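Structural overview for review
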Amino acid sequence: MPFRILFISAEYAPLAKTGGLADVSAALTRYLHRRGDDVRVFVPFHRRVANLALDLSPVEYLQDRELRLGEHVYQYRILRGAAPGSDLGLYFVDCPALYDRPDIYGGADDEPRRFLALTRAALDSSQRMSFAPQILHCNDWHTAFGPLFLKTLYSWDRLFAATRSLLTIHNIGYQGVFGAEHVDELGLGPSAGLVHQADLVAGRVNSMLHGILYADLVTTVSPTYAREICTPEYGHGLDAFLRLRGDSVVGILNGVDYDEWNPERDRYLPHHYSRTELAGKADVKRALAARLGIAAGPGTLLFGIVSRLVEHKGIELLPAVLPGLLQTQDCALVAVGTGERQYEEFLAGLVRQFPGRVAYCAGYSEELAHWVEAGADAFLMPSRYEPCGLNQMYSLRYGTVPVVRRTGGLADSVVQYTEAGGTGVLFDDFDAKGLGWAVATTLELFRQPERWRELIANGMQQDFSWTRQGALYVEEYRRLVGAA
Ligand code: ADP
Ligand code: GLC
């Protein structure tokens, strides 16, 4: 049975991406569209999308729209265009006052309003289009008020009488907390009592919390993370609320878009290869080393990192482990990433300390991300927590051994290598000893070519395609709609 789905996201790959949320939004909605579902995707018309000069057309009836959030009044219109590489239509919320900015996220005081507006514009547009979604699919804190709006602001409209809501938590570390003085911007009027009262008294409103409280179903991006966020250690203060939702918190591992991430025909790579024909991988390694000016011959274990450089990615473990390793072992490192200054400085410092052995590309580069996935021998993800993580799954397909901490989606997608099988190296304790053990184990395996080849082959055979993972979302939609 095809579904009608209203899908709202702050990011959409490759148009507007800072991380995995963009990849997942794009791949999941395309999967649903291919399946025959009527999925209407709403995303902000960020400046970087506007700069792409896509072929867009204004949607009739959705021009010169006005939205009031407390005392702020915004004008917007909706533009429609096809998602790259697909005929799935995307609906862009064109509101220059909120989205015509250099970055997707800005941290300015109107940040909550930027995404309240996205959520409201999607629901208002759905009404104007007489689109009666069976599923309202919200993602992360940005759109987490969708379920509460549905139950309050839009409850009078029979169009939404059968709509069931779903919130996908991609990362509970970001909750969209704003000051209680902004509460009227929610426009809840007589339903304002549904806002979490103890928080209000404490002077704040937590966006993610309201999604957890009011969505009919809460999903997150791996089964292990679904369990972890119900504990104080990983719940970032929301674990008690998640525990109250019981079975309504479900973990579904993300999939990989193998049209984008496939070493046999990756459009960014200078050489291609497959599980049975690996020579091209060594060629990419050579090209990568030459491009970045490092010496990494076939006998040098080249570690790769592609990451937002933020606290939970575990970059803080590297200073205690990498310098010693680089000093004593035949290994090298390429890192691509941007984020917090202390991590950027650490990586830049490592380049100075080990010239010709370490390369760091500060910034965001889709092309380099593909080169590193293909050219590195092993991929480091020592995350403190990782809701799902995509790069370890890309690494598996590219024959690049993931070296990861056993947490969240990393634990669900990488299996410790032993003689009986396995696809990578996992460590448990989030400390230098744990990571030190993992990199030493990786080096030891690298020095045994036959085992290393077997490890690579095991990884390359894994299938994390959206055909499998998307079907799990469809099952949840069915459950929700069936219960309607
Ligand atoms: P998160 O969403 O927490 O950043 P994921 O592993 O789910 O982590 O997704 C990260 C995505 O963003 C991957 O597709 C990765 O290749 C990409 N990425 C992160 N940093 C960069 C960068 N500096 N340049 C290019 N791609 C990047
Ligand atoms: C978040 C998480 C990451 C996950 C991604 C997509 O950014 O940090 O682990 O893979 O969302 O769901």
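Residues numbered from 1 in each chain as written. Chains lettered and ligands numbered in written order. Predicted model: local features only at pLDDT ≥ 70, side-chain atom pairs only at ≥ 80, totals over all residues. Heavy atoms only, no water.

Let's talk about the overall build of the protein chain
- A count of helical and extended segments in the protein chain gives 18 helices and 18 strands.
- Computed over C-alpha atoms, the radius of gyration of the protein chain comes to 23 Å, within 12% of the 23 Å expected from 2.2 N^0.38 for 484 residues, which places it in the range of a compact globule.
- The dimensions of the protein chain, computed from C-alpha atoms along their principal axes, are 65 × 45 × 40 Å.
- For the protein chain, the proportion of its 484 residues judged to be buried stands at 60%. (Helix = DSSP H or I, 4+ residues; strand = E, 2+ residues; numbered from the N terminus. Rg over C-alpha atoms; globule rule 2.2 N^0.38 Å. Buried < 20%, exposed > 50% of the residue type's maximum accessible area, 1.4 Å probe, protein only.)

Observations regarding the site of ligand 2
- Taken together, 13 residues form the shell around ligand 2, and within it His170, Asn254, Glu386, Cys388 and Gly389 come nearest.
- The contact in question runs from an oxygen atom of ligand 2 to an N or O atom on the backbone of Gly389, over 2.8 Å.
- Across the complex, the protein chains shield 93% of the 310 Å² of accessible surface that ligand 2 would expose by itself.
- Here the residues of the shell around ligand 2 are counted per class, giving 5 nonpolar, 6 polar and 2 charged.
- Both domains that furnish three or more residues to the shell around ligand 2 are identified here as domain 1 (4-255 + 466-481) and domain 2 (279-460). (Near = heavy atom within 4 Å. Polar contact = N/O pair within 3.5 Å; in protein donor to acceptor, adjacent residues only side chain to side chain. Areas by Shrake-Rupley, 256 points an atom, 1.4 Å probe, with all protein chains shown as cover. Nonpolar A, V, L, I, M, F, W, Y, C, P; charged D, E, K, R; others polar. Domains from an automatic or database assignment.)

Regarding the nonpolar core
- Core analysis: the biggest nonpolar cluster contains 113 residues, and Tyr12, Phe303, Leu380 and Trp452 have the highest contact counts within it.
- Top contributing element to this core by residue count: helix 1 (residues 20-35), with 7 residues.
- The residues that make up this core include at least three from each of domain 1 (4-255 + 466-481) and domain 2 (279-460).
- Not counting residues within four places of it along the chain, the set of residues in contact with Phe303 comprises Leu325, Cys331, Ala332, Leu333, Val334, Ala376, Ala378, Leu380, Val439 and Thr442.
- Leu69, Leu136, Leu167 and Val218 belong to the second largest nonpolar core, which has 56 residues in total. (Core = buried A, V, L, I, M, F, W, Y, C linked by side-chain atoms within 4.5 Å. Contact = heavy atoms within 4.5 Å.)

What about the packing of helix 10 (residues 279-292) against helix 13 (residues 366-375)?
- Two numbers describe how helix 10 lies on helix 13: the axes approach to 8 Å, and their chain directions differ by 130 degrees. Put simply, helix 10 runs oblique to helix 13. You can see that helix 10 and helix 13 cross each other, and the crossing is left-handed. Within the contact between the two elements, helix 10 uses Lys281, Val284, Lys285, Ala287, Leu288, Arg291 and Leu292 and helix 13 uses Glu367, Leu368, Trp371, Val372, Glu373, Ala374 and Gly375.
- For the contact of helix 10 with helix 13, the per-class residue count stands at 8 nonpolar, 1 polar and 5 charged. (Axes fitted to C-alpha atoms, helices over the stretch in contact; angles between N-to-C directions. Parallel < 35°, antiparallel > 145°, perpendicular 65-115°, else oblique. Left-handed = near helix turned anticlockwise from the far one by under 90°.)

What to know about the environment of Met393
- On the secondary structure map, Met393 appears in helix 14 (residues 391-397).
- For Met393, the residues in contact, after removing those within four places along its chain, are Leu253, Asn254, Val256, Cys388, Ser413 and Phe464.

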